[in-house]
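These are the residues of each chain, in order.
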Amino acid sequence: MKKLLNLCLILASLIGYLEWGTGNKEFLFQTEYDLLFGAKSLMKAIHPFVLIPLGGQLLLLFTLFQKTPSKKLTYIALASLSLLMLFLTFIGITAPNIKILASTIPFLITGVLIIMANRRKVKE
């Protein structure tokens, strides 16, 4: 169950919708693809709002290969991804931009489910 939630969190974070400037818009997976396989500039790659969530996704990916996903790594990854996704939620509310706000809802729901699953006491 926890592995499935971690996978869902990775996928939910990838559909984060970004808009900036005039006519610039991408999903997070498009931005990360450009970063990893076709970065036009190194400055785009070293921005904290790019590196920290990417690190969170890599941590979650690592937990998928553990027998039992580490609660500590999952929380660190969730916090790393939340940095960007909560900022996008804030932008979606204050702008108001329904596309940005709607793209963060699956992440928020999955994040709450992960917290609930990790807090649940194991029955002995």
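Residues numbered from 1 in each chain as written. Predicted model: local features only at pLDDT ≥ 70, side-chain atom pairs only at ≥ 80, totals over all residues. Heavy atoms only, no water.

Undergrad: Can you tell me about the pairing of strand S1 (residues 17–20), naming the residues and giving the values?
TA: Pairing of S1 with strand S2 (residues 24–27), which is carried by 4 bridges, proceeds in the antiparallel orientation. Residue pairing in the sheet places Glu19 in a bridge with Lys25 of S2. Counting the residues between successive antiparallel strands, the hairpin from S1 to S2 contains 3 residues, one of them, Gly21, with a positive phi of roughly 60°. (Pairing = 2+ DSSP bridges. Helix = DSSP H or I, 4+ residues; strand = E, 2+ residues; numbered from the N terminus.)

Undergrad: Before we move on, can you summarise helix H5 (residues 71–94) with the specific residues and values?
TA: Taking 1.5 Å of rise per residue, 24 residues should cover 34 Å, and H5 covers 33 Å from first to last C-alpha, within 8% of that figure. The sharpest bend along H5 measures roughly 40° and falls at Ser82. Thr74, Ala77, Leu78, Ser80, Leu81, Ser82, Leu84, Met85, Leu88, Thr89 and Gly92 are the residues of H5 that are buried. Buried residues along H5 sit in contact with helix H1 (2–14), S1, helix H2 (28–38), helix H4 (48–63) and helix H6 (98–119). Two or three places before Lys72, at the opening of H5, Ser70 has a side-chain oxygen 3.4 Å from that residue's backbone nitrogen. (Expected span 1.5 Å × (residues − 1). Bend = angle between axes of the 7 residues up to and from the residue. Buried < 20%, exposed > 50% of the residue type's maximum accessible area, 1.4 Å probe, protein only. Contact = heavy atoms within 4.5 Å. Polar contact = N/O pair within 3.5 Å; in protein donor to acceptor, adjacent residues only side chain to side chain.)

Undergrad: Lay out the nonpolar core with the relevant residues and their values.
TA: With 19 residues, the main nonpolar core has Leu9, Leu60, Leu81, Leu88 and Phe107 as its most contacted residues. Of all the elements in the fold, those that place two or more residues in this core are H1, S1, H5 and H6. When residues of this core are assigned to their parent elements, the largest contribution, 6 residues, is made by H5. In this view, Leu9 contacts Leu60, Leu78, Leu81, Phe107, Thr110, Gly111 and Ile114; residues no more than four positions away in its chain are not counted. (Core = buried A, V, L, I, M, F, W, Y, C linked by side-chain atoms within 4.5 Å.)

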